[in-house]
Amino acid sequence: MILAKLAYCLLLVGLVFFFLLFKDTLSLILLLCIFLLPGFSWLWLRIAGSRLRIRLLCPSGTLPAGEQIELQLFLQNPCILPIPHAVFRIRYRNKLAQQDETILVSTGLPARSSQTIGLQLLPEYCGCLRAEITQIRLYDMLRMFRIRISAPPAQELWIMPHIWPMQPVSGQVLSQDSENETFSQYRSGDDPSEVFGLRDYHPGDRLNRIHWKLSEKNTGLIVKEFSLPIGQAAVLFAEWKQSPLPMQHALLESLISVSVAFSESEHPHNLCWFDPPGERLVTVPVSDASIYEGIRRLMSTPTHTLSSTLHCIDPDRSISHLIYFTAGVQPEQLVQLEQLHADRITVISVNANEEDAAYFQRTAAAFPQLELCPVSPGCVGAALREVIL
């Protein structure tokens, strides 16, 4: 812009001398046109810029970490005047990582036209990704002036952790104080208190399962299928404390993978974590539709600086299976876990390096009643395949 203004000033001075030398109508008209040209260019830019329409479009739905996603910058210039040059500064930030990255987009906007510019992003870690246009600068045709216009609202999209396959959940999640049993809607079982369905007799079926009244009305034998009791919910407790981003990402991958494994086996379970602002235990009952909602709520919760938040679990509460997720486990945490009334306790600890993993193994030897699983960032899938739920 400085060079453009300097060149214009030199041109204007030259035309002034040209007019003083010749003093004719042509040189006067030329001088006036060049003199008024910047004002016309600035007015042009103001009119076209005031009618410019800008939108930042983000993909919807569940977006996995580690896969390329595309943001779209939609630009529409309905004015009869083109905009010669426009620069957009776009910033996106992972709230979990607290790191900013910036993209610069430079383009021209023809008159009465629209265009969509694709922006490729590759989020390495999960979290809430906030994308916004922080600056819009429009330049006139002479590159002597620039104006800034207001940006559209920021957009947010949720990047979810990867789901790793695990062993099928074996057995039923039961508890000593379960009063009302729920039954599977998709699989039959051996509980005669409720009939799951009816089917034709197959060789080998037990005679006490034959529905004799219906069989008399049909040409063949009809067999009753009993229901499968599901029992009380397991508890997936996440220790959401301050830790390096790769460890938080590995913890979330472990948490969502275990939750999906329970859901696929129709075992009810709850996601639990400590909420520092409210100083309370947050419990989210999980179904197939609410897994991602629970993970989003957890990622939106501020991390804490406490060594453990197991104190927020009622020590008199009876739990069938407690799965405890933490980034780096300490012996005092394992002692607290032993004091809880849980039939089974599984500890999934995310370790920063091999030294931490070795320390975890040495500590685990003193707690044989706990089922301990070490996990390292980048090797979550291999570690979870060894976990038996």
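Here the structure is shown first, and the text comes after it.
Residues numbered from 1 in each chain as written. Predicted model: local features only at pLDDT ≥ 70, side-chain atom pairs only at ≥ 80, totals over all residues. Heavy atoms only, no water.

This next bit is on the pattern of salt bridges. All chains considered together, the criterion is met by eight salt bridges. Note that Glu132 and Arg91 form a salt bridge whose closest N and O atoms lie 2.4 Å from each other. Of this pair, Glu132 sits in strand β7 (residues 127–139) while Arg91 sits in strand β4 (residues 83–94), placing them 41 residues apart in sequence. Owing to a relative accessible area of 17%, Glu132 belongs among the buried residues under this scheme. Connected via shared salt-bridge partners are Arg91, Lys95, Arg130, Glu132 and Glu156. (Salt bridge = Lys/Arg side-chain N within 4 Å of Asp/Glu carboxyl O. Helix = DSSP H or I, 4+ residues; strand = E, 2+ residues; numbered from the N terminus. Buried < 20%, exposed > 50% of the residue type's maximum accessible area, 1.4 Å probe, protein only.)

Because the α-helix completes a turn every 3.6 residues, residues three or four places apart line up on one side. The set of residues buried in helix α6 (residues 331–338) consists of Gln333, Leu334 and Leu337. Along the axis of α6, the buried positions cluster into a sector of 100 degrees, meaning they face one direction only. Among the structural elements, β16 (318–327), β17 (341–350), α7 (354–364) and β18 (371–375) are those in contact with the buried residues of α6. (Arc of directions from axis to C-beta. Contact = heavy atoms within 4.5 Å.)

With that out of the way, let us pick up the environment of Pro64. Tracing the backbone shows Pro64 in strand β2 (residues 63–64). The exposure class of Pro64 is partly exposed, given its relative accessible area of 27%. Distance in space between the C-alpha atoms of Pro64 and Glu124 is 9.4 Å, their sequence separation being 60 residues. With sequence-adjacent residues up to four places away left out, Pro64 is seen in contact with Ile159 and Met160.

Spatially, three strands are ordered β1-β3-β6 in an open sheet, and the strand pairing comes out antiparallel. Since the sheet does not close on itself, it has two edges, and those belong to β1 (53–57) and β6 (113–121), each with one partner. On average, each strand axis in the sheet is tilted by 15 degrees relative to the strand beside it, whichever way the strands run. Both strand β3 (residues 69–77) and β6 contribute to a ladder of nine bridges, which runs antiparallel. Its bridge partner being in β6, Leu73 is matched across the sheet by Ile117. (Pairing = 2+ DSSP bridges. Axes fitted to C-alpha atoms, helices over the stretch in contact; angles between N-to-C directions.)

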